[in-house]
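Tertiary structure, described
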Amino acid sequence: MPRAVLLLALTELGQHAEVAAAVTVPAPADLTRSPYGLLHLRARGRHHLATGAPQRAADDFRTIGDRLTSWGIEAPGLLPWRADLSEALLRLGDRDTARQLAEEHLTRSPAPSSWSRTRAAQLLATTLPDTAPPRLTRAEAKVAGLAARGHTNREISAQLYITMSTVEQHLTRIYRKLGVARRDELGDAVPQARCSAASADSRIRRAASGSGTGRE
């Protein structure tokens with residue numbers, strides 16, 4: 001195990017040449033027959049991921065997952081293969097599976113402050129923007145809410161103590177973010193944006209707290 005841990009550390013430090021020399025040596029036939037052997041496979045996968053070979057990394061992480069599943073073992077602290085595979089698949093463009101794996105890792109990892117939980121939560125957050133509209137800033141939300149309720153630019157300017165020019169700039173960004181073309185479309189778009197943003201936040205918090213049901 002110490003050798004694999006060293007290789008993981010060297011990868012994090014960017015010493016890829018040294019790691020490459022170690023992981024390209026033919027592996028023992030029984031490499032994947034114990035959790036500690038799988039740790040060496042994880043080190044190779046992390047090296048592939050760090051050096052621009054996400055498909056090779058994904059193959060290694062899948063092998064780890066398949067072997068652990070066949071043994072009926074969960075070891076998210078030692079072998080966080082779901083979080084690792086999520087990261088590889090995200091780089092390969094498979095956002096849906098990456099999101100699912102990140103959620104599963106969060107439901108199975110017992111350590112609230114572990115590196116892999118933190119990374120899985122970050123990966124989960126990265127996969128969500130495609131399914132939710134861009135969020136408004138606090139200032140934009142205030143302007144959008146007033147505009148949606150029928151207030152004029154001058155009235156918004158007076159209520160928020162900002163210039164007319166600032167109101168117009170906010171509205172331009174709001175229209176672009178919410179995908180609307182006219183002021184009278186804000187009434188429907190603003191509540192949806194708030195709901196989607198709240199849903200995304202809730203989903204990340206719920207998964208990070210360990211609630212929900214995973215898949216095997």
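Look a little higher up for the structure.
Structural notes, computed from the coordinates. (Residues numbered from 1 in each chain as written. Predicted model: local features only at pLDDT ≥ 70, side-chain atom pairs only at ≥ 80, totals over all residues. Heavy atoms only, no water.)

With that settled, consider the overall build of the protein. Scanning the protein from N- to C-terminus turns up eleven helices and zero strands. What you see in the protein, going N to C, is helices and strands ordered as α-α-α-α-α-α-α-α-α-α-α. Taking all 216 residues of the protein together, the buried fraction comes to 41%. With an accessible surface of roughly 11600 Å², the protein has 53% of that area assigned to carbon and sulfur atoms. (Helix = DSSP H or I, 4+ residues; strand = E, 2+ residues; numbered from the N terminus. Buried < 20%, exposed > 50% of the residue type's maximum accessible area, 1.4 Å probe, protein only. Areas by Shrake-Rupley, 256 points an atom, 1.4 Å probe, with all protein chains shown as cover.)

What follows deals with the nonpolar core. Within soluble globular proteins, side chains that are nonpolar tend to cluster in buried spots. Among the nonpolar cores identified, the biggest contains 32 residues, and Phe-61, Ile-64 and Leu-85 are the most heavily contacted of them. Those elements that place two or more of their residues in this core are helix H1 (2–12), helix H2 (16–23), helix H3 (35–50), helix H4 (54–71), helix H5 (81–92), helix H6 (95–108) and helix H7 (115–127). The leading source of residues in this core is H5, at six residues. Within the second largest apolar cluster, 15 residues are counted, among which are Ala-144, Val-167, Leu-178 and Leu-186. (Core = buried A, V, L, I, M, F, W, Y, C linked by side-chain atoms within 4.5 Å.)

Counted under the stated rule, the structure contains 13 salt bridges. Salt-bridge contacts for Asp-60 lead to Arg-44; the nearest nitrogen and oxygen are separated by 2.7 Å. One end of the pair, Asp-60, is in helix H4; the other, Arg-44, is in helix H3, with 16 residues separating them in the sequence. Classification of Asp-60 by relative accessible area gives buried; the value is 6%. Its relative accessible area of 25% is what places Arg-44 among the partly exposed residues. The shortest N-O distance in the salt bridge between Glu-87 and Arg-46 comes to 3.1 Å. (Salt bridge = Lys/Arg side-chain N within 4 Å of Asp/Glu carboxyl O.)

Before going further, it helps to spend a moment on the packing of H3 against H5. Two elements in contact, H3 and H5, have axes whose closest approach is 11 Å; the angle formed by their N-to-C orientations is 25°. With respect to H5, the axis of H3 lies roughly parallel. The handedness of the crossing between H3 and H5 is left-handed. Along its contact with H3, which presents Arg-42, Arg-46 and Leu-49, the element H5 presents Asp-84, Glu-87, Ala-88 and Arg-91. Residue composition of the contact of H3 with H5, by class: two nonpolar, no polar and five charged. (Axes fitted to C-alpha atoms, helices over the stretch in contact; angles between N-to-C directions. Parallel < 35°, antiparallel > 145°, perpendicular 65-115°, else oblique. Left-handed = near helix turned anticlockwise from the far one by under 90°. Contact = heavy atoms within 4.5 Å. Nonpolar A, V, L, I, M, F, W, Y, C, P; charged D, E, K, R; others polar.)

The next thing to look at is H5. End to end, H5 covers 16 Å across twelve residues, agreeing with the expected 16 Å (1.5 Å per residue, within 8%). Counting buried positions along H5 gives ten out of twelve residues, so the element sits mostly inside the fold. When we look at burial in H5, the residues that qualify are Trp-81, Arg-82, Ala-83, Asp-84, Leu-85, Ser-86, Glu-87, Ala-88, Leu-89 and Leu-90. The elements touched by buried residues of H5 are H3, H4, H6 and H7. (Expected span 1.5 Å × (residues − 1).)

Let's shift gears to helix H8 (residues 138–148). Turning to H8, its buried residues are Glu-140, Val-143, Ala-144, Gly-145, Leu-146 and Ala-147. Just downstream of H8, Gly-150 is the residue with a positive phi angle, here 100°.

Below, the discussion takes up the packing of H5 against H7. Relative orientation of the contacting elements H5 and H7 amounts to 30°, with a least axis distance of 9 Å. Taken together, the axes of H5 and H7 are roughly parallel relative to one another. For the element pair H5 and H7, the recorded crossing hand is left-handed. Two secondary-structure elements touch here, H5 through Ala-83, Ser-86, Glu-87 and Leu-90 and H7 through Ser-116, Arg-119, Ala-120, Leu-123, Thr-126 and Thr-127.

Within the fold, Asp-59 resides in helix H4. Asp-59 gets classed as partly exposed once you look at its relative accessible area, which sits at 40%. The sequence separation of Asp-59 and Gly-45 amounts to 14 residues, and the corresponding C-alpha distance is 7.9 Å.

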